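Analysis of the macromolecular model
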Number of protein chains: 2
Amino acid sequence: MDPIVIVGGDAAGMSAASKFKRERPEREVVVFERGEYVSYAACGMPYYVKGAVDSLDDLVTVTPEAFVEERGIDLRLHHEVVELRPDKHEVVVEGPEGRLTQPYDQLLVATGAHAVVPPFEGMDLDGVFTMHSLPEADAVRDYLAFEEPETVGVVGGGYIGIEMAEAFREHDVEVHVFEMLPHVMAPFGETVAEAVEEELRRQGVHLHLDTAVERFVGDDSVTGIDVGGAVYDVELALVGVGVAPNTDLAASAGIELGETGAVATDEYGRTSRSGVFAAGDVAEARHAVTGEPDHVPLALTANRAGRAIGQTMAGDETPVGEIAGTAVVKAFDLTAARTGVIDEEQARGAGFDPVSVTITASSRAHYYPGAEELTITMLGDRVSGRVLGATMVGREGVAKRIDTVAVALHEGATAEELSYYDLAYAPPFSPVWDPVLTAAKVLDGKLG
Amino acid sequence: MDPIVIVGGDAAGMSAASKFKRERPEREVVVFERGEYVSYAACGMPYYVKGAVDSLDDLVTVTPEAFVEERGIDLRLHHEVVELRPDKHEVVVEGPEGRLTQPYDQLLVATGAHAVVPPFEGMDLDGVFTMHSLPEADAVRDYLAFEEPETVGVVGGGYIGIEMAEAFREHDVEVHVFEMLPHVMAPFGETVAEAVEEELRRQGVHLHLDTAVERFVGDDSVTGIDVGGAVYDVELALVGVGVAPNTDLAASAGIELGETGAVATDEYGRTSRSGVFAAGDVAEARHAVTGEPDHVPLALTANRAGRAIGQTMAGDETPVGEIAGTAVVKAFDLTAARTGVIDEEQARGAGFDPVSVTITASSRAHYYPGAEELTITMLGDRVSGRVLGATMVGREGVAKRIDTVAVALHEGATAEELSYYDLAYAPPFSPVWDPVLTAAKVLDGKLG
């Protein structure tokens, strides 16, 4: 029987390969990875640049050798799949040994995403970076160490931009963040954005909102960022304006893309072509709240879907799971988190009648040392009473509280139900009514 | 119309009074409280003794004056209800002005619980304390300050005993903890118990397991604890061997008690007598997992039930909510948490076929500074696949992670469902697969 073939050796691909091999050790699994790294923790890169993580090796979860030797996966680094042929059940691969055709029994497209490169003049100057691979993280850290920039520009106020601003500040450089929109971190909503902006300023970051970068200035190396009307001197520029799915390969093979631009998949990760799955940053996933396909390229989604598809390919049909758009970001001393649908317009678009409340509560018993204020915005549907989503921001106790709401979303809980759940209380960790309960209670009252 | 009458001015009573008054400001609410404190944070007392909380006033959530003046509640301190007469819709009260009879429209029995006083010889010696009221906390702190004991004995290794051991160690006294059972913190299961025991020893606490105290030794003040065969010198003894519901008043009035010994109630907190509700530490509540009445006297349960009953009494029928037995305890640098049914025998008794797994995972990305090991035990039902309960223990990131499982229990989620939920990930807060997901995944595999 032809092997399972996987295109792309990161979270989704390697999870699928590992799970399949565990279930069917007698079968062959071939993974083609065009780079030299597999299964690395991309989310750790800002902390490597910051210096909180010493070595890039720390970010590699499982080494290529371990995949080959311990898990029995036929992993081929520096092999780029250049064509998918779903009709013939084969792929065309270019590797160090030349071009080869590899037949497959089942195929997983896990080609990931790439950092969006805006069409600015000067993107190719020395000192201008995106952050989407370990070599890029290494290059940024080297540039910091050897060029010793005094001023850094970060283009984009999304979570990468915020995390990198923190990383740069740790090196005592002046940091400018440029965001086109009126607020940073758009997917987290205005309440979170304003708190994060205040924190950025408190940490000495120069924040330029509503400010579109037009080009990078410099001869060989970047020396400035031109925002039209003003040029800011910088000696390093980090561009973090989002990622886009690597769909070329799939699209060329006639595999259907969804409305989001990512590969359309069913609940088992199957694409429009028979025997071809897609998972990870390249693929859509179903949103637990709207029930619609969505594209939220995050690590857990890739890992979950990869694992489930490995199991399905092994003969045990397993849904890839729904996403809730749950995310958490450390922004200096602040933590910002979100889950579900938090934008009223988006909620209306999905057929809901949204009602929103914002509450502020204490992260611990008010009298307990270290208690910090926590702000929760929670969105509910007036018709069904369901919780649709929430954001949280605060200095303490935010990260894992959002999960409470995430589970409620997956289960379709109403605000009233959530407000009556038996959550943990002890003075060092929570007020008697956990802030999540308080938010649900207030939301339930307003949903009335 | 006769007023709403509430017996007992702590969490359940004052929550009910406040909610009712908010809904029906024109109606009269009379609360009889035999002591001088209302609505205080009993759970904060160990931290007052420890010194982490400066003043007892910090533990008072709302002052009596505020209840009267701002919320319009007719609160009568130093008034003890000595008889309930459900047939006549009246109660008999003894107060500073003598004995009076108070008619009611609806009645809430919120008489709370009391610290169990074991029948030891020497319980009445100076320096022997229980901890169930603010004056007791004050007395312990005073005794520490003025008598300067060098050695303290804590009788009972439940959460009060553990929290008080921590409080005493903060004052640099030698601490002995005596526990009758083979392990401390029985409701948290063996894995947690062993971790807590190790932590106690690491913090210099002398732990005596399987050790029944027989009597306290001393003339006027306590000087020793006799465990039969050995006497340990102590100059202060703290007895924390559990609490029991204050049911005398209800039982004398013919109100039905449940099998747990607490007042039996329906889903709205109604007792067996018409027009009489019960809530808080005196009452049973329905367990979300077993569906059976249970007695878990904790603060949130009291607050929730009081609030719901206030709403019901105001005309808007509101269930008091189910309990999941969710609890969290700080044990020095360790956090221990539980929710649901975690004892296999109890699970079998409730008709389940329990399967249990224990996993160890990192609280953060393994490479992120401050990551700590976290141990989760999760129980599931082989027949339905449902998650039945979980315990967690670790130095970091435990307290609010248990809530994720608590919500899953309330929603009757299966281990498979829970393992596919979209929980928050960022390196400073979690591995890609949150430990809860990992536990659910492993449990699902074993249930499979």
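Residue numbering note: each chain is counted from 1, following its sequence as written. Think of it this way: whatever chain is written first is A, whatever ligand is written first is 1, and the rest follow in order. Note on the predicted model: pLDDT of at least 70 is required for a residue's local features to be given, and 80 or more for side-chain atom pairs to be given and counted; whole-chain, interface and lining totals, by contrast, use all residues. Here the side-chain values reflect all heavy atoms present in the structure, with hydrogen atoms and water set aside.

Focus: the overall build of chain A
Within chain A one finds 12 helices and 25 strands. Note that the radius of gyration is over C-alpha atoms, with the globule rule given as 2.2 Å times the number of residues to the power 0.38. Against the compact-globule benchmark of 22 Å for 448 residues, chain A has a radius of gyration of 23 Å, which places it among compact chains. Dimensions of chain A along its principal axes, counting C-alpha atoms only, are 65 × 55 × 40 Å. Between two residues, a contact is recorded if the distance between any of their heavy atoms is within 4.5 Å. Expressed as a percentage of contacts within chain A between residues at least 6 apart in sequence, the contacts between residues at least 24 apart total 62%. If you sum the accessible surface of chain A, you get close to 16900 Å²; carbon and sulfur atoms cover 44% of it. Numbering of helices and strands runs from the N terminus, with a helix taken as a DSSP run of H or I at least four residues long and a strand as a DSSP run of E at least two residues long. For the accessible areas, the method is Shrake-Rupley and the probe is 1.4 Å, while residue cover comes only from the protein chains on display.

With respect to the relation of the copies chain B and chain A
The relation between the two chain copies is a rotation about an axis coupled with a shift along that axis. The two copies are related by a screw operation: chain B maps onto chain A through 180 degrees of rotation and 0.0 Å of translation along the axis, at an RMSD of 0.0 Å. Classification of the inter-copy transformation places it as that of a two-fold axis. Considering only C-alpha atoms, the residue of chain B closest to the rotation axis is Thr404(B), which sits at 2.4 Å. The overlap is high: 100% of the interface residues of chain B also sit at the interface in chain A, so the same surface is used on both sides. All copies are superposed by least squares; the fitting set is the C-alpha atoms of residues with a pLDDT of at least 70 in both.

Focus: the sheet that holds strand E13 (residues 215-218) of chain A
Residue and element names in this part refer to chain A. For two strands to be treated as a pair, DSSP must find at least two bridges joining them. In spatial order, the strands read E13-E14-E15; together these 3 strands make up an open sheet with antiparallel pairing. In the strand order of this sheet, the two ends are held by E13 and strand E15 (231-233), each with one partner. On average, each strand axis in the sheet is tilted by 35 degrees relative to the strand beside it, whichever way the strands run. Here strand E14 (residues 222-226) runs beside E15; their pairing, made up of 3 bridges, is antiparallel. Each residue of the ladder has a partner; that of Asp 226, found in E15, is Val 231. Lines fitted to C-alpha atoms define the axes, with helix axes restricted to the stretch in contact, and inter-axis angles between N-to-C directions lie between 0 and 180 degrees.

Brief notes about the pattern of salt bridges
Any Lys or Arg side-chain nitrogen found within 4 Å of a carboxyl oxygen on Asp or Glu counts as a salt bridge. In total, this model carries 48 salt bridges over all chains according to the counting rule given. In this structure, Glu90(A) engages Arg85(A) in a salt bridge whose closest nitrogen and oxygen atoms are separated by 2.8 Å. Relative accessible area decides the class of each residue, using a 1.4 Å probe on protein chains only: under 20% of the type maximum gives buried, over 50% gives exposed, and in between gives partly exposed. Residue class for Glu90(A) comes out buried when judged on its relative accessible area of 15%. By relative accessible area, which is 25% here, Arg85(A) ends up partly exposed. Among the salt bridges present, the one from Glu26(B) reaches Arg24(B), with a minimum N-O distance of 2.9 Å. Glu26(B) sits in the exposed class, given a relative accessible area of 56%. Classification of Arg24(B) as partly exposed rests on a relative accessible area of 26%.

What about the interface of chain B and chain A?
Contact residues are listed per partner, giving 61 residues for chain B and 61 residues for chain A. When the two sides are added together, the surface that chain B and chain A hide from each other amounts to roughly 5400 Å², 65% of it contributed by carbon and sulfur. Accessible area that two parts lose when put together, evaluated with a 1.4 Å probe and summed over both, is termed the buried area. If you sort the residues of chain B by the area they bury against chain A, Lys400(B), Tyr420(B) and Asp422(B) come out on top, with a joint share of 16%. A salt bridge links Lys400(B) to Asp434(A); its shortest N-O distance comes to 2.6 Å. Polar contacts here mean pairs of N or O atoms no more than 3.5 Å apart (in protein, one a potential hydrogen donor and the other a potential acceptor; neighbouring residues in sequence count only if both atoms are side-chain atoms). Across the contact surface, chain B and chain A share 20 residue pairs in polar contact (both at pLDDT 80 or more).

A few points about the side chain of Glu179(B)
Residues and elements named next belong to chain B. Among the secondary structure elements, Glu 179 is positioned in the loop between strand E11 (174-178) and helix H6 (189-202). Although Glu 179 is buried, it forms no salt bridge, and the closest oppositely charged side chain is Arg 201 at an N-O distance of 12 Å. In this structure Glu 179 touches Gly 156, Gly 157, Gly 158, Val 184, His 208, Leu 209, Asp 210 and Thr 211, once residues within four positions along its chain are discounted. We score Asp and Glu as negative and Lys and Arg as positive, and we do not count His or the chain ends.

A look at the packing of helix H10 (residues 401-410) of chain A against helix H10 (residues 401-410) of chain B
To characterise two packed helices, one gives the angle between the axes of the helices and the distance between these axes. Here H10(A) crosses H10(B) at 20 degrees, and the two axes come no closer than 8 Å. One finds that H10(A) runs roughly parallel with respect to H10(B). Between H10(A) and H10(B) lies a crossing whose hand is right-handed. Where H10(A) abuts H10(B), its residues Asp403(A), Thr404(A), Val407(A) and Ala408(A) lie against Asp403(B), Thr404(B), Val407(B) and Ala408(B). For the contact of H10(A) with H10(B), the residue count by class is 4 nonpolar, 2 polar and 2 charged. Any angle that falls under 35 degrees is termed roughly parallel, while one over 145 is termed roughly antiparallel, one within 65 to 115 roughly perpendicular, and all others oblique. The hand of a helix crossing depends on one turn: near helix anticlockwise from the far one by less than a right angle means left-handed, and clockwise means right-handed. Here the term charged refers only to Asp, Glu, Lys and Arg, the term nonpolar to Ala, Val, Leu, Ile, Met, Phe, Trp, Tyr, Cys and Pro, and the term polar to all other amino acids, Gly among them.

Some remarks on unusual backbone geometry
The phi torsion at Glu148(A) lies on the positive side, around 45 degrees, for a residue other than glycine. Tracing the sequence through the fold places Glu148(A) in the loop between helix H4 (134-147) and strand E10 (151-155). Phi is positive for His89(B), close to 55 degrees, though the residue is something other than glycine. Of note, His89(B) is situated in the loop between strand E4 (80-85) and strand E5 (90-95). The exposure class of His89(B) is partly exposed, given its relative accessible area of 27%.

As for the packing of helix H1 (residues 11-23) of chain A against helix H8 (residues 299-313) of chain A
All names here are of chain A. At a closest axis distance of 7 Å, the pairing of H1 and H8 adopts a crossing angle of 35 degrees. The two elements H1 and H8 cross, and the hand of that crossing is right-handed. Where H1 abuts H8, its residues Ala 11, Ala 12, Ser 15, Ala 16, Lys 19, Phe 20 and Arg 22 lie against Ala 302, Asn 303, Gly 306, Arg 307, Gly 310, Gln 311 and Met 313. For the contact of H1 with H8, the class distribution of residues is 6 nonpolar, 5 polar and 3 charged.

A few points about helix H6 (residues 189-202) of chain A
All names here are of chain A. What a helix is expected to span follows from its residue count: subtract one and scale by 1.5 Å. Taking 1.5 Å of rise per residue, 14 residues should cover 20 Å, and H6 covers 20 Å from first to last C-alpha, within 8% of that figure. Buried residues of H6: Val 192, Ala 193, Val 196, Glu 197, Glu 199 and Leu 200, and no others. Looking straight down H6, one finds its buried side chains confined to an arc of 165 degrees; they lie on one side. More than 90 degrees from the buried face of H6, the exposed residues found are Glu 190 and Glu 198. Buried positions along H6 lie against helix H5 (159-170), strand E12 (206-208), strand E21 (327-331), strand E22 (334-340) and strand E25 (387-394). Downstream of H6 by a residue or two, Gly 204 has a phi angle that is positive, lying close to 85 degrees. Taken from the helix axis, the directions to the C-beta atoms give the arc we talk about.

Considerations on the sheet that holds strand E2 (residues 29-32) of chain A
Residue and element names in this part refer to chain A. Strand order across the open sheet formed by 5 strands is E3-E2-E1-E7-E18, with parallel pairing between neighbours. The two strands at the open ends of the sheet, each matched to only one other strand, are strand E3 (74-76) and strand E18 (276-278). On average, each strand axis in the sheet is tilted by 15 degrees relative to the strand beside it, whichever way the strands run. In this sheet, E2 lies alongside strand E1 (residues 4-7) in parallel orientation, the contact comprising 4 bridges. Considered in E2, the bridge of Val 5 is made with Val 30. The sheet strands contacting H8 are E1, strand E7 (106-109) and E18, and the helix crosses E18 at an angle near 160 degrees.

Quick notes on the domain arrangement of chain A
Residues and elements named next belong to chain A. Annotation of chain A at the domain level lists domain 1 (4-113 + 244-313), domain 2 (117-241) and domain 3 (334-447). Taken together, the contact between domain 2 and domain 3 spans 10 residues of the former and 12 residues of the latter. When domain 2 packs against domain 3, the two sides together hide about 780 Å² of surface, and 69% of this comes from carbon and sulfur. Three residues stand out in domain 2 for area buried against domain 3, namely Phe 188, Thr 191 and Val 192, and they jointly supply 52% of the buried area on that side. Linking domain 2 to domain 3 there are 1 salt bridge. A salt bridge links Glu 199 to Arg 395, with the nearest nitrogen and oxygen atoms 2.8 Å apart. Domain start and end points were adopted from an automatic or database domain assignment.

Focus on the environment of Asp343(B)
Structurally, Asp343(B) is set in the loop between strand E22 (334-340) and helix H9 (344-349). For the pair Asp343(B) and Ser430(B), spaced 87 residues apart in sequence, the C-alpha separation works out to 28 Å.

Digging into the nonpolar core
Among the buried residues, those of types Ala, Val, Leu, Ile, Met, Phe, Trp, Tyr and Cys that are joined through side-chain atoms within 4.5 Å form a nonpolar core. If you look at the biggest cluster of nonpolar residues, it comprises 86 residues, and the most contacted ones within it are Met378(A) and Met378(B). Grouped together as the second largest cluster of nonpolar side chains are 51 residues, Val53(A), Met131(A), Val205(A) and Leu236(A) included.

Quick word on the pairing of E14(A)
All names here are of chain A. The element E14 is extensively covered by neighbouring structure, given that 4 of its 5 residues are classed as buried. Pairing between E13 and E14: 4 bridges, direction antiparallel. Of the residues in E14, the one forming a bridge with Gly 218 is Val 222. Taken together, E13 and the strand that follows it, E14, pair antiparallel across an intervening segment of 3 residues. What sits between E14 and E15 in their antiparallel hairpin is a turn of 4 residues, with Gly 228 showing a positive phi close to 80 degrees.

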